[in-house]
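# Structural description and commentary
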Amino acid sequence: MTELRTADIVVVGAGVSGLTAARRLVQAGQSVVVTEAGDRVGGRTMNLDVADGVITEGGGQWVGPGQDRVLALIDELGLATFETYVDGKSIYHRRGRSKRYDGTIPPLSPLVLADFAQLQLRLERMARTVPLDAPWTARRARSWDATTFGHWVDANAMTAEARELFSVGFSVSNAEALHSTSLLVQLARIRGAGGIDHIFNITGGAQESRVVGGSVRIAERLAEDLGDAVVLDSPVIEIAQNAGGVSVRSARVDVRADRVIVAMSPADAARIRVTPGLPTRRTMLQRRWCSGAESKLFAVYDRPFWREEGLNGQAVTDLPVAQFVVDNSPPDGSVGILLAFLATAGEGVGRPGPDAILDDPAVRRSAFLADLTVLFGAQAADPIAYLEKGWTHEPWISGCVGSRPPGSLTEYTDADRRPVGRIHWAGTETATVNQGYLDGAVRAAERAVREVLDAGLVKVPSRPAG
């Protein structure tokens, strides 16, 4: 039997954004029900078990300077962070040669370094002209939105090496190829993140710190405080609204409320039937939304042996699988973990084609360990465990970081976050600052809560909307 409940606000989605919204509403004196389609909280954050008491993060994991809202929430929840391991030298591998270096800048030739710098300078100058809250109003918005970021880099990079570095850095942060991303969207993200250095760097950047116990602890702590207000295994089927309120129908609970906050990516929100129908711009945005399909690969060792050799576990390469590698070991270094991000496109020389790597776990593992062996020596070939997490086959989450294809930002403007009657939208995709990050998820939640509270509440009638 479906349970019937009444609340002031329904929140759809028990990721970091949805649960933050629910917490802020409760703190404002509102009653809430949170519905979650899956069997756990956390959304695109999750832990993978490595050993007894040791985990690694299968989804979003890092926080850094400038991400003030998520850092404040972590502190509020009594959680702690620890810094990503950076002591020692990094590896830069290209065309069969590995070089070790200190600091954040790989050992590039003066020409490549100058080329990278001019690309960064031009992009950040362009980004400063993009209004954060309304990037579609930028003077060159139409032409920038009609161009892919990859096309711009191809046209403006003077060296193949600088172009490859930009491709690695941004494809990891975006979880998709540069040629699938609107230039205008990328410029807005650069401005919203505080610049390219913040996007790329570990120390002083977006990858500076991790949450003790895993980033999913944020969602778990939020859910613990909310108690039975959170209903799992209950995908929302329909949201009906009228002048008197909303009726949210899900698998396990039907809720009558004044308003609803949908904390899902637009692509995932498209699964919900809305009555009356959504505006055309919102409907089309949901249909055209893109979600990145990057996977995370982990090699686990009995100790972080690379540290003994003066290495920090970081690598930037042109290898087929391990193009960006980072030390993802626990804070006590009780085991060693190397993490790499597997893109969904591209083919390495002398390696199996993309389909073999993407679709065959054994081939994928072999290719990953082969790359790590090139970088870190024979010890890397024999891990005590291999783990991976892909987001393309999740039943309720259509990929990891989400984005808009070229042309859609100027066409659909703020349809990602503009309320539709009593329906409000959250999720990191709707953030204007630190979009795609955990901080963006928190900011989006707090913005949606302000909208709800500013709108005021009405008495929830007992008769369902229809």
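Just above, that's the structure.
Conventions used here
- Residues numbered from 1 in each chain as written.
- Predicted model: local features only at pLDDT ≥ 70, side-chain atom pairs only at ≥ 80, totals over all residues.
- Heavy atoms only, no water.
- Helix = DSSP H or I, 4+ residues; strand = E, 2+ residues; numbered from the N terminus.
- Rg over C-alpha atoms; globule rule 2.2 N^0.38 Å.
- Areas by Shrake-Rupley, 256 points an atom, 1.4 Å probe, with all protein chains shown as cover.
- Lys, Arg positive; Asp, Glu negative; His and termini not counted.
- Charge placed at Lys NZ, Arg CZ, Asp CG, Glu CD.
- Buried < 20%, exposed > 50% of the residue type's maximum accessible area, 1.4 Å probe, protein only.
- Polar contact = N/O pair within 3.5 Å; in protein donor to acceptor, adjacent residues only side chain to side chain.
- Contact = heavy atoms within 4.5 Å.
- Salt bridge = Lys/Arg side-chain N within 4 Å of Asp/Glu carboxyl O.
- Axes fitted to C-alpha atoms, helices over the stretch in contact; angles between N-to-C directions.
- Parallel < 35°, antiparallel > 145°, perpendicular 65-115°, else oblique.
- Left-handed = near helix turned anticlockwise from the far one by under 90°.
- Nonpolar A, V, L, I, M, F, W, Y, C, P; charged D, E, K, R; others polar.
- Pairing = 2+ DSSP bridges.
- Core = buried A, V, L, I, M, F, W, Y, C linked by side-chain atoms within 4.5 Å.
- Phe/Tyr/Trp six-rings, centres within 6.5 Å; stacked < 30°, edge-to-face > 60°.
- Lys NZ or Arg CZ within 6 Å of the ring centre and 35° of its normal.
- Disulfide = S-S within 2.5 Å.

### Overview of the overall build of the protein chain
Check the secondary structure of the protein chain and you find 16 helices and 24 strands. The C-alpha atoms of the protein chain give 22 Å as radius of gyration, which agrees with the globular expectation for 466 residues (23 Å, within 12%). With respect to the three principal axes, the spread of C-alpha positions in the protein chain is 70 × 55 × 40 Å. Approximately 18,700 Å² of the protein chain is accessible, and the part contributed by carbon and sulfur atoms is 51%. Each charge class in the protein chain was averaged separately, 50 positive and 55 negative side chains, and the resulting centres sit 7 Å apart.

### Observations regarding the side chain of Ser171
Here Ser171 lies in helix H6 (residues 160–174). Judged by relative accessible area, Ser171 falls into the buried class, the value being 12%. Separated by 3.2 Å, the side chain of Ser171 and the backbone oxygen of Val168 make a polar contact. Residues in contact with Ser171, not counting those within four places in the same chain, are Phe166, Glu176, Leu178 and Glu294.

### Observations regarding the pattern of salt bridges
Applying the stated criterion across every chain, the model contains 31 salt bridges. Put simply, Asp225 and Arg23 hold a salt bridge, and the shortest N to O gap is 2.8 Å. Here Asp225, found in helix H9 (residues 216–226), pairs with Arg23, found in helix H1 (residues 16–27); they are 202 residues apart in sequence, far enough to count as distant. One salt bridge connects Glu238 with Arg249, and the closest N-O pair in it is separated by 3.5 Å. Placement of Glu238 in strand E12 (residues 236–242) and of Arg249 in strand E13 (residues 245–250) is noted, with a sequence separation of eleven residues between them.

### Thoughts on the packing of helix H3 (residues 110–127) against H6
Remark: H3 packs on H6, axes separated minimally by 8 Å, with the N-to-C direction vectors making an angle of 50°. Classified by the interaxial angle, the pair formed by H3 and H6 is oblique. Where H3 crosses over H6, the two elements pack in a sense that is right-handed. Where H3 abuts H6, its residues Val112, Asp115, Phe116, Leu119, Gln120 and Leu123 lie against Glu161, Ala162, Leu165 and Phe166. In terms of residue class, the contact of H3 with H6 is made up of seven nonpolar, one polar and two charged.

### Points about the sheet that holds strand E16 (residues 273–275)
In spatial order, the strands read E1-E14-E13-E12-E16; together these five strands make up an open sheet with mixed pairing. The open sheet has two free edges, formed respectively by strand E1 (3–6) and E16, since each of these has just one partner strand. Strand-to-strand twist across the sheet, computed as the mean angle between neighbouring axes with direction ignored, equals 15°.

### So, the packing of H1 against H9
Taken N-terminus to C-terminus, the directions of H1 and H9 make an angle of 35°; their axes are 9 Å apart at the nearest point. Pair H1 / H9 crosses with left-handed handedness. Residue-level inspection shows Val16, Leu19, Thr20, Ala22, Arg23 and Val26 of H1 in contact with H9, the latter providing Ile218, Ala219, Leu222, Ala223, Asp225 and Leu226. Considered class by class, the residues forming the contact of H1 with H9 number nine nonpolar, one polar and two charged.

### Describing the nonpolar core
One finds Leu123, Phe149, Phe166, Phe170, Leu183 and Leu187 to be the most contacted residues of the largest nonpolar core, which totals 57 residues. With seven residues, the top contributor of residues to this core is helix H7 (residues 183–193). Leave out the neighbours within four places in its chain, and Leu183 touches Leu123, Met126, Trp144, Thr147, Thr148, Phe149 and Trp152.

### Focus: H7
The buried fraction of H7 amounts to ten of the eleven residues, a majority that puts the element mostly inside the structure. Within the span of H7, buried status applies to Leu183, Leu184, Val185, Gln186, Leu187, Ala188, Arg189, Ile190, Gly192 and Ala193. The opening residue of H7 is Ser182, an N-cap whose side-chain oxygen sits 3.1 Å from the backbone nitrogen of Leu184. Gly194 sits one or two positions beyond H7 and adopts a positive phi of about 90°.

### Observations regarding the packing of aromatic side chains
One pass over the structure, following the stated rule, counts 13 aromatic pairs. Centre to centre, the rings of Phe368 and Tyr386 are 6.2 Å apart; their planes meet at 55°, and the pair counts as tilted. In this pair, Phe368 is assigned in helix H14 (residues 361–376) and Tyr386 in strand E22 (residues 385–390), connecting sequence segments 18 residues apart. With relative accessibility at 0%, the residue Phe368 sits in the buried group. A relative accessible area of 18% places Tyr386 in the buried class. Of the aromatic side chains, those joined through ring pairs into one cluster are Phe116, Phe149, Phe166, Phe170 and Phe200. A cation over an aromatic ring shows up here: Lys296 above the ring of Trp62, its NZ or CZ 6.0 Å from the ring centre. The ring of Trp391 has Lys389 sitting right over it, with the charged end atom 4.8 Å from the ring centre.

### Looking at the pairing of strand E9 (residues 97–101)
Here strand E8 (residues 89–94) runs beside E9; their pairing, made up of five bridges, is antiparallel. Its bridge partner being in E9, Ile91 is matched across the sheet by Arg100. The turn joining E8 and E9, which pair antiparallel and follow one another in sequence, is formed by two residues; a positive phi near 55° is taken by Arg95.

### Examining the state of the cysteines
All chains considered together, the criterion is met by zero disulfides. Among the cysteines around Cys290, which has no disulfide bond, Cys400 carries the closest sulfur, lying 12 Å off. Assessed through its relative accessible area of 26%, Cys290 is described here as partly exposed.

### So, the sheet that holds strand E7 (residues 81–83)
If you walk across this open sheet you meet the three strands as E6-E10-E7, and the pairing is antiparallel. On the outer flanks of this sheet lie strand E6 (62–63) and E7, each paired with one strand and no other. As paired elements, E7 and strand E10 (residues 209–211) share three bridges and run antiparallel to each other. Paired with Phe82 across the two strands is Arg210, which belongs to E10.

So, to be careful, I would describe these as geometric facts and stop short of saying anything about function.
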